[in-house]
Structures are given as structure tokens and as C-alpha cells.
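# Geometric and topological summary
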Amino acid sequence: MDQQDARDHLEVLRAEHRELDAEVTELMLSGSSDQLQIARLKKRKLRLKDEIARAESFLIPDIIA
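Now for a quick tour of the structure. (Residues numbered from 1 in each chain as written. Predicted model: local features only at pLDDT ≥ 70, side-chain atom pairs only at ≥ 80, totals over all residues. Heavy atoms only, no water.)

This brings us to the packing of helix α1 (residues 3-29) against helix α2 (residues 35-59). Contact pair α1 / α2: the axes reach a minimum separation of 9 Å and the direction vectors enclose 160 degrees. On the basis of the axis angle, α1 is roughly antiparallel to α2. Crossing of α1 over α2 shows left-handed handedness. Here the contact of α1 with α2 is composed, by residue class, of 14 nonpolar, four polar and 11 charged. (Axes fitted to C-alpha atoms, helices over the stretch in contact; angles between N-to-C directions. Helix = DSSP H or I, 4+ residues; strand = E, 2+ residues; numbered from the N terminus. Parallel < 35°, antiparallel > 145°, perpendicular 65-115°, else oblique. Left-handed = near helix turned anticlockwise from the far one by under 90°. Nonpolar A, V, L, I, M, F, W, Y, C, P; charged D, E, K, R; others polar.)

The next thing to look at is the environment of Ala 22. Counting through the fold element by element, Ala 22 comes out in helix α1. It is 14 Å that separates the C-alpha atoms of Ala 22 and Ala 39, two residues lying 17 residues apart in sequence.

Below, the discussion takes up α2. Helix length check: α2, at 25 residues, gives a terminal C-alpha distance of 36 Å against a target of 36 Å (1.5 Å per residue), a fit within 8%. Along α2, the residues classified as buried are Ile 38, Leu 41, Lys 45, Leu 48, Ile 52, Ala 55 and Leu 59. Taken together, the buried residues of α2 touch α1. (Expected span 1.5 Å × (residues − 1). Buried < 20%, exposed > 50% of the residue type's maximum accessible area, 1.4 Å probe, protein only. Contact = heavy atoms within 4.5 Å.)

Applying the stated criterion to the full structure yields four salt bridges. Note that Glu 11 is salt-bridged to Arg 18, the shortest N-O span being 3.3 Å. (Salt bridge = Lys/Arg side-chain N within 4 Å of Asp/Glu carboxyl O.)

What follows is about the environment of Glu 19. Following the sequence through the fold, Glu 19 ends up in helix α1. Along the primary structure Glu 19 and Lys 45 are separated by 26 residues, whereas in three dimensions their C-alpha atoms are 9.5 Å apart.

Below, the structure is given as C-alpha cells:
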């Protein structure tokens, strides 16, 4: 995977994370009683956050001090 592919993948992950955040917020504001669905969406957001962190670390070169 080259740098541009990694950047593209990172942007897709960030967009998906934003969409999940909006969905969770909407469910919570609507007073949805489906707490299981909200919990699943939050876990998915956390997994995406971890994947975003891994993708970002791939793009940032290691600097030897």
C-alpha cells in the first residue's frame, strides 16, 4: 500500500466514523430505547478509531531521536 492509498483509506475510515457518530447522536436525541444498538454502534466507532490511529501511524514516519 503506497502513501496515497493509505491517505484514501484513512479518509474513508474518518468519514465512516463521522457517520456513526451522527447516527449515535441521532438515536440518543430521539430517545431511542434500543440501548443495545447504541452500544454496538459505539463499539464499532471505537474499533474505527483504533484503525484510524493505525493508519495515521503508517503515514507518519518514525523519527529516531
